[in-house]
Amino acid sequence: MMDIFEQVNAVIAEMEAAAPDSKAALEQFRIRYLGTKNIIKPLFAEIGKVPVERKKAFGQLVNAAKIAAETKFATLQAALETASEVETTRIDLTAPPIGLPVGSRHPVSIVMNRIVDIFRRIGYTVAEEREIEDDWHNFTAMNTPPDHPARDMQDTFYLKNSTEMLLRTHTSSVQARTMTRQKPPIRIIAPGRVYRNETISARSHCQFHQVEGLYIDENVSFADLKQTLLYFAKEMYGATKIRLRPSFFPFTEPSAEMDVYWGLKNETDHRITKGTGWLEILGCGMVDPQVLENCGIDSEKYSGFAFGMGIERQAMLQYGISDIRLLFENDTRFLKQFAAAL
Ligand code: PHE
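Parameters at a glance
- Residues numbered from 1 in each chain as written.
- Predicted model: local features only at pLDDT ≥ 70, side-chain atom pairs only at ≥ 80, totals over all residues.
- Heavy atoms only, no water.
- Helix = DSSP H or I, 4+ residues; strand = E, 2+ residues; numbered from the N terminus.
- Rg over C-alpha atoms; globule rule 2.2 N^0.38 Å.
- Buried < 20%, exposed > 50% of the residue type's maximum accessible area, 1.4 Å probe, protein only.
- Contact = heavy atoms within 4.5 Å.
- Lys, Arg positive; Asp, Glu negative; His and termini not counted.
- Charge placed at Lys NZ, Arg CZ, Asp CG, Glu CD.
- Core = buried A, V, L, I, M, F, W, Y, C linked by side-chain atoms within 4.5 Å.
- Near = heavy atom within 4 Å.
- Polar contact = N/O pair within 3.5 Å; in protein donor to acceptor, adjacent residues only side chain to side chain.
- Nonpolar A, V, L, I, M, F, W, Y, C, P; charged D, E, K, R; others polar.
- Pairing = 2+ DSSP bridges.

Caption draft 1: Structural detail: the overall build of the protein. Secondary structure summary: the protein contains 11 helices and 9 strands in total. Over its C-alpha atoms the protein spans a radius of gyration of 42 Å, topping by over 25% the 20 Å that the globule rule assigns to 342 residues. On the principal axes, the C-alpha backbone points of the protein span a range of 130 × 50 × 40 Å. Looking at the protein as a whole, 42% of its 342 residues qualify as buried. Sequence-distant contacts in the protein: of pairs separated by 6 or more residues, those separated by 24 or more amount to 67%. Measuring between centres, the 40 positive side-chain charges of the protein sit 7 Å from its 44 negative side-chain charges.

Below, the structure is given as structure tokens:
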């Protein structure tokens, strides 16, 4: 029969070899070594039977077995708890991703980019400038006299306590910025946002976008302007005809407004051409020699043309949008309809 000391050592060895790796296995371990009917308990009862001279040593051994079981249990329990915490916070790399909503280009950007591209193809470069502008670049350089109604506080947003700084009312300010900086030949296309103090309605807004074009060189004529605009109308609208109507702008002379022939057949909505078949697209003209001089360009040597067009109305026309406000609300339900138009 196994010596009583050997029995205790066997229990200790068995306990130390045990490697419970789950909560259930750990519970088995606890029941076996620390439960009410654990296997160490009967060994304490043996103390009485051990000869006197070995009693103390035997008692210490059984006690050590019990402490070893308790320590091991505590360590295993702590290890399993941290393991299960890691389990719950671990990233599952095989899980399907949560779909991130992908934005789409704004209809105003789509139309603006198309216009810019059409002019880039014939050698225009993009010029972008500030939206907070000074009076000189927006008005004075552009030949707009101080008593001109456009300067009225009713039409222009001035910066607080300023008669000098304003939100540009047209991209024509980019003409002045470019001409004072760069010598001809100049051929730029300038897209951007402009501001006017207007009541917001379905048809007008206090902010909108324009694309400005400017071409300055020797011997630039009105015929060049007309051909450039015809090319644009064909590319943009597939139009076969354009019409130039005399108009007035302080910074061009002569000035005109260009209409594109849209036709009556296409006109399901009679507001589009008001029954005329012609669509008004842009303002244009030969750059007034005074504007060239204001910007330090010799008007005896150089001439040029400029044009400017609003974008929102073209986008509304193209996509059948009836209210301009929709373009500024950033409602994704509205905007995502243009994803396919990218
Ligand atoms: N700046 C003018 C506008 O805002 C448009 C324009 C630009 C006209 C260039 C002529 C030449 O209405």
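Caption draft 2: Highlighting the nonpolar core. If you look at the biggest cluster of nonpolar residues, it comprises 44 residues, and the most contacted ones within it are Ile115, Phe232, Ile281, Leu282, Phe307 and Met309. The biggest single contributor to this core is helix α5 (residues 107-120), with 8 residues. Not counting the four nearest positions on each side in its chain, methionine 309 is found in contact with Ile115, Phe119, His209, Gln210, Val211, Phe232, Ile281, Leu282 and Gln314. Formed by 20 residues, the second largest nonpolar core is a distinct cluster that contains Ile40, Leu61, Val62 and Leu80.

Caption draft 3: Just the site of the ligand, in detail. Taken together, 14 residues are adjacent to the ligand, and His170, Ser172, Arg196, Gln210 and Glu212 come closest. At 3.1 Å, a side-chain N or O of histidine 170 approaches a nitrogen atom of the ligand. Elements that contribute at least two residues to the shell around the ligand include exactly β5 (207-217), β8 (278-287) and β9 (303-310). Considering each element in turn, the shell around the ligand owes the most residues, 3 residues, to β9. Its residues assigned to classes, the shell around the ligand shows 5 nonpolar, 7 polar and 2 charged.

Caption draft 4: Geometry of the pairing of β9. Summarising the sheet, β5 and β9 pair through 8 bridges and their orientation is antiparallel. When the bridges of β9 are listed, aspartate 217 appears paired with serine 303. Note: β8 against β9, 5 bridges, orientation antiparallel. Each residue of the ladder has a partner; that of methionine 286, found in β9, is phenylalanine 305.

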